[in-house]
Each structure stands twice: as structure tokens, then as C-alpha cells.
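Coordinate analysis (summary)
Letter by letter, the chains look like this.
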Amino acid sequence: VVTVDITAGDQFKPDFLVLSPNNRMPAIVDHDGSEGRDISVFESGAILIYLAEKYEKFLPATGNERYSVMQWLMFQMANLGPILGQAHHYRDAAPERVPYSIQRFTDEAGRLYGVMDRRLAEADYLAGDDYSIADMACWPWVRVHRYHGQPWEDFPNVRSWFDRIAKRDAVQQGMKLLTDKRAKTRD
């Protein structure tokens, strides 16, 4: 794991732009890519698909189940991530309070949480019965629901799904890595 300090402008450095031309995180370098060569992949959805296909996990190879995972992954990339990012920005980080923007993105965030809550009333995970890259993509956004103005009690199915995923060993290891990296940057 390599930390990219956006407060220092690391995302604009030429070495990083080679990996991620849109200067956004995440980006990965797989030193064991196809044909034994390095491959870099940017954009979270592309990274998740790449890793799922490489390791043949969390994304069915064919059929309706595959497309269920793909559509929920696209839901995160086209809707959940952008809208929740804007809700967080206008509610918490914008230098100027813009009531219309706060209301607009808070309401839209609530609508998207509602979409997820209705889906999760039908299935344990977003794409169906199995944990998938769709859940991996959406879970981190929901983790900070307080920044989106969305109280847990309004979305019991989302909260149950969130808690179920939070108990996974790999998720706990990832969260520990995040906590450890943040602690090192503060030192």
C-alpha cells in the first residue's frame, strides 16, 4: 500500500499520473499481470473487475448472476459514489454553505439508501445471495452515512447488510490497515 497525500498534491505528480491519468485514487500495479508483465489499473470499478476475474472470486464468470453483480457495481460507480461524495462535500467540507445543494444531495442520498434498503429486503447482498464486488464497492460509502445525513434507523436492511460485511475477516483486516496507515501519517 502506497499512501497518496492529496493535501500535498501527490496525485498530480508525474509518477502517479502514469498510473492514474485522472489523478484519482485508487490505482493498482499488479507485478504479476498477464504475460508476466506489470499492469496498472485505475478506477475502483475496473480494479474490482480486474481482481475478481484474475482470482476468479466475487464475480460469477457468466449468466444472470454476473450481470446482477455488474449492475450493482455500476449503481455504485454512476450513482452512489458521486451522489454521496457530493452530499458529504456540501454538508461538511464546502467553504460556503449552499442550502439548495445541501438539500438536493442529502435528499438524493436518501433516495439511493432507499434503493439499497429495498433491494436488501429481498437478498442478503446487493447482487443476490453471495457477497460480491458490488458489495465491496458500496460498503465503504455507506460506512460514513453520517456525512450523508442518513440515520441508520431509516434503513434497517442497509444497516444489517453493513454489519454483516463489517464482520468479515478481510474487511476487518482492511479497516485495520486503513487505521494503521492513518496513524502513521499523523506521526
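Up top is the structure.
Note that this is a predicted model, so its numbers are computed, not measured.

Here is what the cut-offs are and how they apply
- Residues numbered from 1 in each chain as written.
- Predicted model: local features only at pLDDT ≥ 70, side-chain atom pairs only at ≥ 80, totals over all residues.
- Heavy atoms only, no water.
- Helix = DSSP H or I, 4+ residues; strand = E, 2+ residues; numbered from the N terminus.
- Rg over C-alpha atoms; globule rule 2.2 N^0.38 Å.
- Buried < 20%, exposed > 50% of the residue type's maximum accessible area, 1.4 Å probe, protein only.
- Areas by Shrake-Rupley, 256 points an atom, 1.4 Å probe, with all protein chains shown as cover.
- Lys, Arg positive; Asp, Glu negative; His and termini not counted.
- Charge placed at Lys NZ, Arg CZ, Asp CG, Glu CD.
- Axes fitted to C-alpha atoms, helices over the stretch in contact; angles between N-to-C directions.
- Parallel < 35°, antiparallel > 145°, perpendicular 65-115°, else oblique.
- Left-handed = near helix turned anticlockwise from the far one by under 90°.
- Contact = heavy atoms within 4.5 Å.
- Core = buried A, V, L, I, M, F, W, Y, C linked by side-chain atoms within 4.5 Å.
- Patch = residues over 30% accessible without salt bridge, like charges linked within 9 Å, V, L, I, M, F, W, Y side chains within 5 Å.
- Salt bridge = Lys/Arg side-chain N within 4 Å of Asp/Glu carboxyl O.

We now examine the overall build of the protein. Counting secondary structure elements, the protein contains 7 helices and 2 strands. In the protein, the succession of α and β elements from N to C terminus is α-β-β-α-α-α-α-α-α. A globule of 187 residues ought to have a C-alpha radius of gyration of about 16 Å, and the protein, at 18 Å, matches this closely. Each of the 187 residues in the protein was classed as buried or not, and the buried ones make up 36%. Just so you have it, the protein exposes about 11600 Å², and 52% of that area is on carbon and sulfur atoms. Averaging the positions of the 23 positive and the 27 negative side-chain charges in the protein gives two centres separated by 4 Å.

For the pair helix α3 (residues 63-93) and helix α4 (residues 99-120), interaxial distance at closest approach is 8 Å and the crossing angle is 150°. When the interaxial angle is binned, α3 and α4 end up roughly antiparallel. For the crossing formed where α3 meets α4, the hand is left-handed. Between α3 and α4, the residues in contact are S68, W72, F75, N79, L80, I83, L84, Q86, A87, Y90 and R91 and S101, I102, F105, T106, E108, A109, L112, Y113, V115, M116 and R119, respectively.

Grouped together as the largest cluster of nonpolar side chains are 36 residues, with contacts concentrated most on M116, I133, V142, V158 and W161. Those elements that place two or more of their residues in this core are α2 (44-55), α3, α4, α5 (133-143) and α6 (156-166). For this core, the element with the most residues is α3, which contributes 9 residues. Every residue in contact with M116, bar those within four places of it in the chain, is listed here: F75, L80, L126, C138, V142, V158 and W161.

Time to look at unusual backbone geometry. Cis geometry is adopted by the peptide bond preceding P26, which originates at M25 and carries an omega value of 5°. Along the chain, the position of P26 falls in the loop between α1 (14-19) and β1 (27-30). Despite not being glycine, N23 shows a phi value in the positive range, around 50°. For N23, the position within the fold is in the loop between α1 and β1. With phi around 60°, E35 is a residue other than glycine that occupies positive phi space. With respect to the helices and strands, the residue E35 is situated in the loop between β1 and β2 (39-42).

Together, E65, D124, D129 and D130 make up a region of like negative charge exposed at the surface. Following the sequence through the fold, E65 ends up in helix α3.

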